[in-house]
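Letter by letter, the chains look like this.
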Amino acid sequence: MPATSPKIHSGMCSVTLRQESALAVLDVAARAGLHRIEWGADVHVPPGEVRAATEVRDAGRDRGVTVASYGSYHRVGADPAEDFPAVLASAVALGAPRVRIWAGDLGSAQASADQRRAVVTATRAAARRAADVGVTLAFEYHSGTLTDTAASTLRLLTEVDHPAVRTYWQPPLDLPDAAAVADLRQVLPWVDAVHVFSWWPRYERLPLTARDRLWSDVFAVLRAAGRDFDALLEFVVDDDPDRVATEAASLAQLTADRHGG
């Protein structure tokens, strides 16, 4: 049989509809044709609440919606290491293959050498725990952490040096389109998923089509990489559930392989 072609899997983050129940998130996603969800740990699947995680997993299966990842808010090197087992327990109960973590609580320009070492050490320890149960970790690509630039992210991943540690990517808010795509290319070998939204010039939320050049170029880069990625809608204008279907349709168009095959 021929090998399965690499694919960009469209989905959404449950924090897109943080104000809705988990069941409502599932129903909106399913109606929009989004069959993968990253479940947020802040509201929908709190760390350590294994029964809630199991119920969300089962409800998703009933609707044909799988778990892309567990979107934790655990800040390695800053939060107590003893908090991580509860995060991992919820991920396992969800059936999540990946846990989103945060690289400390200081930007790369502010963190001292000791603080950076603390993030590296805590990430390695968390990665060992996760790998033991078949789960990978991925850093949120975000300001105010050690993954606030491509250079710092690459340095951190090299220092951690663990096969179960990867990264997300999202367009930095201060970069124009071409610079953002160049930023992605730098970290691409480590990227497993992208958080998809259109904010410009800073925190103004726009429809995906408002930055279609950016996202067309991003998905061209991902397709050329020749492996699978998750593309997860993270925000919609006004947090409006009725906008999800429109944004999902835009995402489907953007991620489609226009060359076929």
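Please refer to the structure higher up on the page.
The rules behind these values
- Residues numbered from 1 in each chain as written.
- Predicted model: local features only at pLDDT ≥ 70, side-chain atom pairs only at ≥ 80, totals over all residues.
- Heavy atoms only, no water.
- Axes fitted to C-alpha atoms, helices over the stretch in contact; angles between N-to-C directions.
- Helix = DSSP H or I, 4+ residues; strand = E, 2+ residues; numbered from the N terminus.
- Parallel < 35°, antiparallel > 145°, perpendicular 65-115°, else oblique.
- Left-handed = near helix turned anticlockwise from the far one by under 90°.
- Contact = heavy atoms within 4.5 Å.
- Nonpolar A, V, L, I, M, F, W, Y, C, P; charged D, E, K, R; others polar.
- Core = buried A, V, L, I, M, F, W, Y, C linked by side-chain atoms within 4.5 Å.
- Buried < 20%, exposed > 50% of the residue type's maximum accessible area, 1.4 Å probe, protein only.
- Salt bridge = Lys/Arg side-chain N within 4 Å of Asp/Glu carboxyl O.
- Phe/Tyr/Trp six-rings, centres within 6.5 Å; stacked < 30°, edge-to-face > 60°.
- Expected span 1.5 Å × (residues − 1).
- Arc of directions from axis to C-beta.

Draft legend 1. Main features of the packing of helix H6 (residues 177-187) against helix H7 (residues 212-225). Where H6 contacts H7, the axes come no closer than 9 Å and their chain directions differ by 20°. The pairing of H6 with H7 is recorded here as roughly parallel in orientation. Between H6 and H7 lies a crossing of right-handed hand. Contact with H6, carried on its side by Asp177, Ala180, Val181, Leu184 and Arg185, involves Arg213, Leu214, Asp217, Val218, Val221 and Leu222 of H7 and no other residues of that element. Here the contact of H6 with H7 is built from residues that sort into 7 nonpolar, no polar and 4 charged.

Draft legend 2. Structural detail: the environment of aspartate 62. Along the chain, aspartate 62 falls in helix H2 (residues 50-62). Measuring from C-alpha to C-alpha, the distance between aspartate 62 and leucine 26 comes to 9.9 Å, with 36 residues separating the pair along the chain.

Draft legend 3. Expanded view of the nonpolar core. Within the largest apolar cluster, 70 residues are counted, with the highest numbers of intra-cluster contacts made by Trp39, Trp169 and Phe219. Judged by nonpolar contacts, the second largest core, of 7 residues, contains Ala68, Tyr168, Ala193 and Leu232.

Draft legend 4. Quick look at the pattern of salt bridges. Applying the stated rule across the entire model yields 16 salt bridges. For the salt bridge of aspartate 114 with arginine 117, the shortest nitrogen-to-oxygen distance reads 2.1 Å. Taken as a pair, aspartate 114 and arginine 117 lie in helix H4 (residues 113-132) at a separation of 3 residues, close to a single helical turn. A salt bridge links aspartate 192 to arginine 227; its shortest N-O distance comes to 3.5 Å. Of this pair, aspartate 192 sits in strand E7 (residues 191-196) while arginine 227 sits in the loop between H7 and strand E10 (229-233), and the two are 35 residues apart along the sequence. One salt-bridge network, held together by shared partners, links Arg36, Arg98 and Asp230.

Draft legend 5. Spotlight on the packing of aromatic side chains. Under the criterion given, the structure shown has 7 aromatic pairs. With a centroid separation of 5.9 Å and 25° between ring planes, the pair formed by tyrosine 73 and tryptophan 102 is classed as stacked. With tyrosine 73 in strand E3 (residues 66-76) and tryptophan 102 in strand E4 (residues 98-103), this pair connects stretches of sequence that are 29 residues apart. The class of tryptophan 102 is buried, set by a relative accessible area of 7%. A ring pair is formed by tryptophan 199 and phenylalanine 235, whose centres lie 4.8 Å apart and whose planes are at 40°; its orientation type is tilted. Of this pair, tryptophan 199 sits in strand E8 (residues 198-199) while phenylalanine 235 is found in the loop between E10 and helix H8 (244-255), placing the two residues 36 residues apart along the sequence. Taken as a pair, tryptophan 199 and phenylalanine 235 share a single burial class, namely buried. A network of ring pairs unites the aromatic residues Phe197, Trp199, Tyr203 and Phe235 as a single cluster.

Draft legend 6. Broad picture of H4. Taking 1.5 Å of rise per residue, the 20 residues of H4 would be expected to cover 28 Å, and the 29 Å separating its terminal C-alpha atoms lies within 8% of that figure. Taken residue by residue, H4 has Arg116, Val119, Val120, Thr123, Ala126, Ala127 and Ala130 as its buried positions. Taken around the axis of H4, the buried residues stretch over an arc of 140°, which confines them to a single face. Facing away from the buried surface of H4 by more than 90 degrees, the exposed residues are Asp114, Thr121 and Asp132. Packing partners of the buried residues in H4 comprise E3, helix H3 (84-94), E4, strand E5 (136-139), helix H5 (150-160) and strand E6 (165-169). Remark: glycine 134 follows H4 within two positions and exhibits a positive phi of approximately 75°.

Draft legend 7. The arrangement of unusual backbone geometry in detail. Between tryptophan 200 and the following residue, proline 201, the backbone shows a cis peptide bond with an omega angle of 5°. For proline 201, the position within the fold is in the loop between E8 and strand E9 (205-206). Even without being glycine, aspartate 161 reaches a positive phi, approximately 50°. In this fold, aspartate 161 is placed in the loop between H5 and E6. A positive phi angle, close to 55°, is found at aspartate 239, a residue other than glycine. Assignment of secondary structure puts aspartate 239 in the loop between E10 and H8. Looking at aspartate 239, the relative accessible area reads 29%, which means it is partly exposed.

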